[in-house]
Amino acid sequence: MICLVPHCAYLSQTSRMIEIYRALRERGVTPRVATHGGTYESALRAAGIDYDIVGPRMDDERCARFLREQPSSGPVGQSAYSDEELRAYVTAEAEYFTRHGIRTAVTGFTLTTTLSTRLAGVRLVTEHSASWAPPMFERGLLPAPSGRTLPLPRPARRWIANALPSRTRFYCGGFNRIAAELGVPGLPSVAALLLGDLTLVTEAPEVLGVPAAAIAAWRPGRGYRPETRLRCTGPLYAKLPVPLPAATGRFLGEPGPLVYVAITSSEPALVRDVVAALRPLGARILVAATVHELGDLNDDQTHVGGVLPSHLVMPRADLAVTAGGQGSVQTAMAAGTPLLGIPLQMEQDLNLALVERRGAGRWIARRDAHGARLTALAGAMLGDGRYRRAAGEIREIYDGIDGPGNAADAILCNTF
């Protein structure tokens, strides 16, 4: 039996689990779905997926705090969960896996599964690392962090970004305390925290710049759990089963260039800064507000939607502006839409660097994502057809890969 464990604080993590669920169903396997609950349980319900709540239910406030404290963007000395929460979730998950005869758990950033699967003797498959995998930083492919970091030259910051994942235990303290208490193996590094027994590298090899065979041949050294293996399965992004609202459809049908702003896991202030910077361009602006209260931005130039089916919107946009998470980057590339990214953490830095290297996008640091700098960059991208042509080349690569199907096959191969 397979159990999918989405982290419902994230629309992207929840929607990718939905894609894997569908691919498994197409192969005759119906997995169980368990979650701590959260803001985007609604996406599971919209997809008609039954699910169980395991452990204390996360409300919207707890989800928002998790986003602030998550590994890669929160303070490195904490673990995003309190010890009490970790103990409660790990034991509840292990009991659930045992009670339902689970042999493989598949997660999207429900990090407590790194311990609960050990406690229950269950195999763990992860997909949330996306492109952020050992072969990338062992080849020095991670860019220098875009956020506020040590005042060092860019080459030094890039070297540190690639060297640290397997050499530090950032975010691991709470996990290792509970691991010792429960008598299961701890985590030797922050890289190990984010990897499973099998980690799905959910990007096309051509975009990664690393062959799929090299990813499959990787073997863990110091700083990793010895059982960890990798498999490159290709792009994995959402096709949310929600209708396009009628008002949004009418807005999309109006004449003139369109910029789609979908920065869904950020504070509302960033979205407001971006919209203000885009207004001087005269383009229409469509905003995916999700849970943010941004209705006051509505006017003749700007339309604010809620949770939107981005796979239907992106093909009609001339430019997408996102934080650079895997889901939004891949949805834009699958549509052949140029991307302007504002990364908020290291995985997003890498996603955006990969499409920038192929000429399909650009990125701007959060501290510069307002005013004239953002206006000028977005304007330049709207006026330069090379970005769209490069994004179209990635779209052609994606068209030949069944990412969800490959992910399902990899899970099944390691389950039975």
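Residues numbered from 1 in each chain as written. Predicted model: local features only at pLDDT ≥ 70, side-chain atom pairs only at ≥ 80, totals over all residues. Heavy atoms only, no water.

### A word on the overall build of the chain
- Each helix and strand in the chain was counted, giving 19 helices and 13 strands.
- Taking 22 Å as the expected radius of gyration for a compact globule of 416 residues, we find that the chain reaches 20 Å, a close match to that expectation.
- Seen along its three principal axes, the alpha-carbon backbone of the chain occupies a region of about 60 × 50 × 40 Å.
- The proportion of buried residues among the 416 residues of the chain is 58%.
- Split by element, the accessible area of the chain, about 15,800 Å² in all, is 52% carbon and sulfur.
- Side-chain charges in the chain split into 44 positive and 39 negative, and the spacing between the mean points of these groups amounts to 5 Å. (Helix = DSSP H or I, 4+ residues; strand = E, 2+ residues; numbered from the N terminus. Rg over C-alpha atoms; globule rule 2.2 N^0.38 Å. Buried < 20%, exposed > 50% of the residue type's maximum accessible area, 1.4 Å probe, protein only. Areas by Shrake-Rupley, 256 points an atom, 1.4 Å probe, with all protein chains shown as cover. Lys, Arg positive; Asp, Glu negative; His and termini not counted. Charge placed at Lys NZ, Arg CZ, Asp CG, Glu CD.)

### A few points about the packing of aromatic side chains
- Scanning all chains against the criterion turns up nine aromatic pairs.
- Here the aromatic rings of Tyr-10 and Phe-66 are separated by 6.3 Å at their centres, their planes lie at 90°, and the arrangement is edge-to-face. Taken as a pair, Tyr-10 in the loop between strand S1 (2–6) and helix H1 (11–26) and Phe-66 in helix H3 (residues 60–69) lie far apart in primary sequence, 56 residues in all. The exposure classification of Tyr-10 matches that of Phe-66, with both residues buried. (Phe/Tyr/Trp six-rings, centres within 6.5 Å; stacked < 30°, edge-to-face > 60°.)

### Concerning the pattern of salt bridges
- Counted according to the given criterion, the structure contains 23 salt bridges.
- Residues Arg-27 and Glu-26 are paired through a salt bridge, measuring 3.9 Å at the closest nitrogen-oxygen approach.
- For Arg-27, a relative accessible area of 31% translates into the label partly exposed.
- When the shortest N-O distance is used, the salt bridge between Arg-45 and Glu-41 registers 3.9 Å. Residue Arg-45 and its partner Glu-41 are both found in helix H2 (residues 41–46); the two are separated by four residues, about one turn of the helix.
- Of the residues examined, Arg-45 reaches a relative accessible area of 51% and is grouped as exposed.
- The class of Glu-41 is buried, set by a relative accessible area of 5%.
- Each member of the salt-bridge network shares a partner with another, and the members are Glu-26, Arg-27, Asp-402 and Asp-409. (Salt bridge = Lys/Arg side-chain N within 4 Å of Asp/Glu carboxyl O.)

### Things to note about the sheet that holds S1
- Spatially, S3-S2-S1-S4-S5-S6-S7 is the arrangement adopted by the seven strands of the open sheet, whose pairing is parallel. One side of each edge strand has no neighbouring strand; the edge strands of this open sheet are strand S3 (52–53) and strand S7 (229–232).
- As defined by bridge partners, strand S4 (residues 104–108) adjoins strand S5 (residues 123–126) across four bridges and the pair is classed as parallel. Bridging from a neighbouring strand, Val-106 pairs with Val-125 of S5. (Pairing = 2+ DSSP bridges.)

### A few points about the environment of Pro-226
- Within the secondary structure, Pro-226 is located in the loop between helix H11 (212–217) and S7.
- Using a relative accessible area of 62% as the deciding quantity, one classes Pro-226 as exposed.
- Along the primary structure Pro-226 and His-303 are separated by 77 residues, whereas in three dimensions their C-alpha atoms are 50 Å apart.

### Things to note about the sheet that holds strand S10 (residues 302–305)
- The six strands lie next to each other as S10-S9-S8-S11-S12-S13, forming an open sheet whose pairing is parallel. Each end of this open sheet is capped by a strand with a single partner; those strands are S10 and strand S13 (361–363). Across the sheet, the mean angle separating the axes of adjacent strands is 20° when strand polarity is ignored.
- The pairing of strand S9 (residues 284–288) with S10 spans four bridges and is parallel. Looking at the pairing, Ile-285 lines up with Thr-302 of S10. (Axes fitted to C-alpha atoms, helices over the stretch in contact; angles between N-to-C directions.)

### A closer look at the packing of helix H13 (residues 268–278) against helix H17 (residues 371–382)
- Between H13 and H17, the least distance of the axes is 8 Å, while the angle of their chain directions is 60°. Our pair here, H13 against H17, has a crossing hand that is right-handed. In this structure, H13 uses Val-274, Ala-277 and Leu-278 to contact H17, whose residues at the interface are Gly-371, Leu-374, Thr-375 and Ala-378.
- The residue makeup of the contact of H13 with H17, split by class, is five nonpolar, two polar and no charged. (Left-handed = near helix turned anticlockwise from the far one by under 90°. Contact = heavy atoms within 4.5 Å. Nonpolar A, V, L, I, M, F, W, Y, C, P; charged D, E, K, R; others polar.)

### Things to note about the nonpolar core
- Ranked by internal contacts, the top residues of the largest apolar core, which has 70 residues, are Tyr-260 and Met-333.
- With residues near it in sequence (within four places) discarded, Met-333 still touches Leu-339, Val-355, Ala-360, Ala-391, Ile-394, Arg-395 and Tyr-398.
- By size, the runner-up hydrophobic cluster in this structure holds 29 residues, among which are Ala-23, Val-29, Val-33 and Leu-240. (Core = buried A, V, L, I, M, F, W, Y, C linked by side-chain atoms within 4.5 Å.)

### Some words on the pairing of S1
- The element S1 is largely enclosed, with a buried count of five among its five residues.
- Where burial is concerned, the two faces of S1 agree: the one with Ile-2, Leu-4 and Pro-6 and the one with Cys-3 and Val-5 are both buried.
- Across two bridges, the pairing between S1 and strand S2 (residues 32–35) is parallel. Of the residues in S2, the one forming a bridge with Leu-4 is Val-33.
- In this region the chain leaves S1, passes through H1 and returns to the parallel neighbour S2; the handedness of that crossover is right-handed. (Right-handed = clockwise from strand over helix to strand, strands pointing away.)

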